[in-house]
Amino acid sequence: MTELTALETRLAGLLASLSPAARRRLAADIAKQLRASQQQRIKRQQAPDGTPYAARKRQPVRSGKGRIKREMFSKLRTSRFMKAGGNDSAAVVDFTGRVQRMAWVHQRGLKDRPNRNSPDVQYPARQLLGFSRDDERLIEQLIIQHLR
């Protein structure tokens, strides 16, 4: 969270003056807006810095029926798996359930097995969650709106 230290120092005094219930509402609003922006960014297949994700590995051509290829992380970015929440001290956007491991592997670029019987595969790092400059501006705007 070192990216937000400048933002935290500017707004710490204003946030401290809010009641815990108001901070909880603000954190929930921030988390919802951040989840929406993260979902849109994942849909565009971009990292928080604007660079495109590493391309998917080419699959061998199969004859006959095969599965229909979807864009990467199309189900992962749905609100079923990507949750937003907040309390009086934090706003949180994270993945839940069994997809949390898959998201972690892609976020960090780790090795994993696609299924139980396959060998380990090294995945390139595709940063799913992170802060962009637009997200920082969004947070500032939400806080200012809430303080009015």
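About the cut-offs
- Position numbers for residues count from 1 along each chain, tracking the sequence in the order it is written.
- Only residues with pLDDT of at least 70 are given local features in this predicted model, and only at 80 or more are side-chain atom pairs given and counted; all residues enter the totals for whole chains, interfaces and linings.
- Calculated side-chain values reflect all of the structure's heavy atoms, with hydrogen atoms and water omitted.
- The way it works is that DSSP assigns letters per residue, a run of H or I at least four long becomes a helix, a run of E at least two long becomes a strand, and they are numbered from the N terminus.
- Expected helix span is computed as 1.5 Å times (number of residues minus one).
- Note on exposure labels: buried denotes an accessible area under 20% of the residue type's maximum, exposed denotes more than 50%, and partly exposed covers the range between, all computed with a 1.4 Å probe on protein chains only.
- Arc definition: it is the arc formed by the directions from the helix axis to the C-beta atoms.
- Pairing of aromatic rings covers Phe, Tyr and the six-membered ring of Trp, with a centre-to-centre limit of 6.5 Å; geometry is then stacked below 30 degrees between planes, edge-to-face above 60, and tilted otherwise.
- In this description, contact between two residues means that some pair of their heavy atoms is separated by no more than 4.5 Å.
- Two strands are said to pair when DSSP picks up at least two bridges between them.

(A) Quick look at helix α4 (residues 133-147). Taking 1.5 Å per residue, 15 residues should reach 21 Å; α4 reaches 21 Å between its end C-alpha atoms and fits that length. Regarding α4, the residues found buried are Asp 135, Glu 136, Ile 139, Leu 142 and Ile 143. Take α4 and look down its axis: the buried residues cluster within an arc of 125 degrees, on one side only. Pointing more than 90 degrees away from the buried face of α4 are the exposed residues Arg 133, Asp 134 and Gln 145.

(B) Fine view of the packing of aromatic side chains. Summed over all chains, the structure comprises one aromatic pair. Ring centres of Tyr 53 and Phe 73 lie 5.9 Å apart, and the angle between their planes is 90 degrees; this geometry places the pair in the edge-to-face category. Of this pair, Tyr 53 sits in the loop between α2 (20-43) and β1 (82-86) while Phe 73 is found in the loop between α2 and β1, placing the two residues 20 residues apart along the sequence. Looking at Tyr 53, the relative accessible area reads 10%, which means it is buried.

(C) Summary view of unusual backbone geometry. Positioned with a positive phi, Gln 45 is a non-glycine residue whose angle comes to about 60 degrees. Tracing the sequence through the fold places Gln 45 in the loop between α2 and β1. By relative accessible area, which is 16% here, Gln 45 ends up buried. In this structure, Phe 73 is a non-glycine residue whose phi angle is positive, near 65 degrees.

(D) Quick peek at the environment of Lys 43. Among the secondary structure elements, Lys 43 is positioned in helix α2. The spatial distance from the C-alpha of Lys 43 to the C-alpha of Glu 71 is 8.1 Å, given a sequence separation of 28 residues. When near neighbours in sequence (up to four residues on either side) are disregarded, Lys 43 contacts Glu 71 and Arg 77.

(E) Region of the structure containing the pairing of strand β2 (residues 91-95). Judged from the five bridges that link them, β1 and β2 form a sheet pairing that is antiparallel. When the bridges of β2 are listed, Gly 86 appears paired with Ala 91. Hairpin geometry of β1 and β2 is characterised by an intervening segment of four residues between the two adjacent antiparallel strands.

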